[in-house]
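For reference, the chains in residue letters:
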Amino acid sequence: MHFYGTSSVNEKGHLTIGGVDTIDLAKDFGTPLYVYDIHLIRQRARGFKDTFERLGVSSQVAYASKAFSSIAMIQLIEQEGLSLDVVSGGELYTALKAGFNPEKIHFHGNNKSPEEIAMALDADIGCFVVDNFYEIELLSRICKEKAKQASILLRVTPGIEAHTHDYILTGQEDSKFGFDLQNGQAEEALQKTLDDQSFKVLGLHCHIGSQIFETTGFIMAAEKMIEKMADWKVKYHFSAEVLNLGGGFGIRYTKEDEPLAPAKYVEDIITEVKMLMDKHQLAMPEIWIEPGRSLTGDAGTTLYSVGSSKHVPEVRNYLAVDGGMSDNIRPALYNARYEAVIANRPDAKAETVVSIAGKCCESGDMLIWDLPISEHQPGDVLAVFCTGAYGYAMANNYNRIPRPAVVFVEDGRAELVIERESYEDLIKHDRSLSRFKEGSER
Ligand SMILES: Cc1ncc(COP(=O)(O)O)c(C=O)c1O
Ligand SMILES: N[C@@H](CCCC[NH3+])C(=O)O
């Protein structure tokens, strides 16, 4: 078994995380349950920051809160001194409610609404990452109405195809995000924004995709952006103060995955960026990055209770758990793969192979295909590793299944940070039919 972060096995032979027995967690908080090893999140956050410091490069490390956002999570990010990337009014609202310093919030999105823009301007957030020409006009108009100036980055599409799942690619030319760098759109966006008093143009942003294992794509994207920066310095006297290279650093979900250590991505990319800056005789700008998955992914584990099973002779054994695509849609959406163990005996030898089914009324609701697993029975706890990014964040109420609870564990303590939804929660926005008369005339 591969242990992540502070995971271990105690004297009872149970899986522990953050010094807490996972079987006690399942009893105390119920299942499905998301458990976050916050020591590991802190380590990752410090690793990114320390690497920049060691390289002598001023930086902002912004946590991409789409990976997992909650009041406590945002407060943890604030404790660790990171900045924050938000992509919707809801993420911004969560950050503000958590008491996060608005100056360190960067607002993303390819279709920010007028209300979202107004909310962000009223909160005096640090920066808008402007995605398209419509947004330039909209943001400019709302800035004027509010007599405010917005600091902005221009999100550019560098024409890079990173090697990852098609649905999470974002840097290629045919993408819904950003101004194309090659066809002149990015330059046109720069001209428009430099000419507009509503904006302070800080620099450029790109994000080439997610769950990327190599640094080549990041370096190629940086190279294309730096070439343009050199060009625009001459043409427009524009010196970018900030170069934002996005997120996307890959993590280990299964033994087939071989990512670099998170801080190593930064080290390799920044070393190249420094050389490119020198080559083009540009001063090193502040470097911003936006890791999501690599901060929280392997810090999250989901605990499920084992329930029914089904044997299809000579084909497959299905083993069902009390959650599924309602708490983790990634396998159904991306064929995402995970490893798991029986948490009450993680060291026991895997003697059989089962496919872990969710409880949703959907054949595609399979969490793990062909998992080698030890002896098990109903009531056992299954721990699925590496669910900390885009797991709870994409949870839903399909089949009217309440979303699970979330606990943080550290130094032998467990704290509930998101309550489990109740059935009452599920119907709280429903309205009754009573406004309509029975058998209304047609
Ligand atoms: C603009 C932007 N920044 C940052 C991220 C975070 O990516 P990851 O979780 O892969 O680090 C994403 C998601 O892919 C994104 O779209
Ligand atoms: N939701 C995706 C990542 C998307 C990142 C957002 N740009 C995943 O689970 O892998």
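These numbers come from a predicted model, not from an experiment. Position labels on residues start from 1 in each chain and follow its written sequence. Chains carry letters from A onward and ligands carry numbers from 1 onward, assigned in written order. The predicted origin of the model limits local features to residues at a pLDDT of at least 70 and limits the giving and counting of side-chain atom pairs to 80 or more, whereas totals for whole chains, interfaces and linings rest on all residues.

Brief notes about the site of ligand 1
Each residue gets a C-beta atom placed from its backbone. Should that atom fall within 6 Å of a molecule or strand, the residue is termed near it. Residues in close proximity to ligand 1 total 17 residues, the closest being Ala 64, Ser 210, Gly 247, Gly 292 and Arg 293. Residues were grouped as follows: Ala, Val, Leu, Ile, Met, Phe, Trp, Tyr, Cys and Pro as nonpolar; Asp, Glu, Lys and Arg as charged; and all remaining residues, including Gly, as polar. Here the residues of the shell around ligand 1 are counted per class, giving five nonpolar, nine polar and three charged.

Some thoughts on the sheet that holds strand β2 (residues 15-17)
If DSSP finds at least two bridges between two strands, the strands pair. For the purposes of this entry, the term helix denotes a DSSP run of H or I that reaches at least four residues, the term strand denotes a run of E that reaches at least two, and both are numbered from the N terminus. Pairing is antiparallel in the open sheet, where three strands are placed in the order β1-β2-β3. Edge positions in the sheet fall to β1 (8-9) and β3 (20-21), since each of these pairs with one other strand and no more. Pairing of β2 with β3 involves two bridges; the strand directions are antiparallel. Bridge assignment links Thr 16 to a residue of β3, and that residue is Asp 21.

Overview of the UniProt feature "modified residue: N6-(pyridoxal phosphate)lysine" (unreviewed entry) in the protein chain
UniProt positions are given in the numbering used here, feature names are shortened, and annotations may be inferred rather than shown by experiment. As recorded in UniProt, the feature "modified residue: N6-(pyridoxal phosphate)lysine" (unreviewed entry) lies at Lys 66. If you trace the backbone, Lys 66 turns up in the loop between β5 (59-64) and α3 (71-79). Any residue whose C-beta has 12 or fewer other C-beta atoms within 10 Å is treated as exposed, any with 20 or more as buried, and any in between as partly exposed, C-beta atoms being built from the backbone. The class for Lys 66 is buried, based on 20 C-beta atoms found within 10 Å. In this structure, Lys 66 is in contact with Val 87, Glu 91, Gly 292 and Ala 393, ignoring residues within four places of it in sequence. Throughout, a pair of residues is in contact if the C-beta atoms placed from their backbones lie within 7 Å.

Some words on the nonpolar core
Formed by 121 residues in total, the largest nonpolar core has its most connected members in Leu 84, Ile 152, Leu 154, Ile 356, Leu 382, Ala 383 and Val 407. A domain assignment, automatic or from a database, supplies the domain bounds used here. Looking at which domains feed residues into this core, each of domain 1 (8-37 + 297-427) and domain 2 (108-291) supplies at least three. Here, a nonpolar core denotes buried Ala, Val, Leu, Ile, Met, Phe, Trp, Tyr and Cys residues that are linked to one another through C-beta atoms within 7 Å.

Details of the domain arrangement of the protein chain
When its domains are assigned, the protein chain resolves into domain 1 (8-37 + 297-427) and domain 2 (108-291). Computed over C-alpha atoms only, the centres of domain 1 and domain 2 are separated by 36 Å. The partner domain 2 presents six residues to the eight residues of domain 1 that form the contact. When its residues are assigned to classes, the side of domain 1 that touches domain 2 shows four nonpolar, one polar and three charged.

Description of unusual backbone geometry
Residue Thr 31 is joined to Pro 32 through a cis peptide bond whose omega torsion reads -10°. Along the chain, the position of Pro 32 falls in the loop between α1 (22-29) and β4 (33-37). At Ala 147, a position not held by glycine, the phi torsion is positive, near 50°. In this fold, Ala 147 is placed in the loop between α6 (133-146) and β9 (150-157). Although it is not a glycine, Asp 411 adopts a positive phi angle of roughly 50°.

As for the pairing of β4
β4 sits mainly inside the fold: five of its five residues count as buried. Every second residue of β4 is oriented toward a common face, with Leu 33, Val 35 and Asp 37 on one face and Tyr 34 and Tyr 36 on the other, all of them buried. The pairing of β4 with strand β14 (residues 300-312) spans four bridges and is antiparallel. When the bridges of β14 are listed, Tyr 34 appears paired with Thr 302. As paired elements, β4 and strand β20 (residues 405-410) share five bridges and run parallel to each other. Across the sheet, Asp 37 pairs through a bridge with Val 409, a residue of β20.

A look at the environment of Lys 235
Examined against the element boundaries, Lys 235 turns out to sit in helix α8 (residues 216-236). Judged by C-beta crowding, with 12 C-beta atoms within 10 Å, Lys 235 ranks as exposed. Sequence-wise, Lys 235 and Leu 202 are 33 residues apart; in three dimensions their C-alpha atoms are separated by 17 Å.

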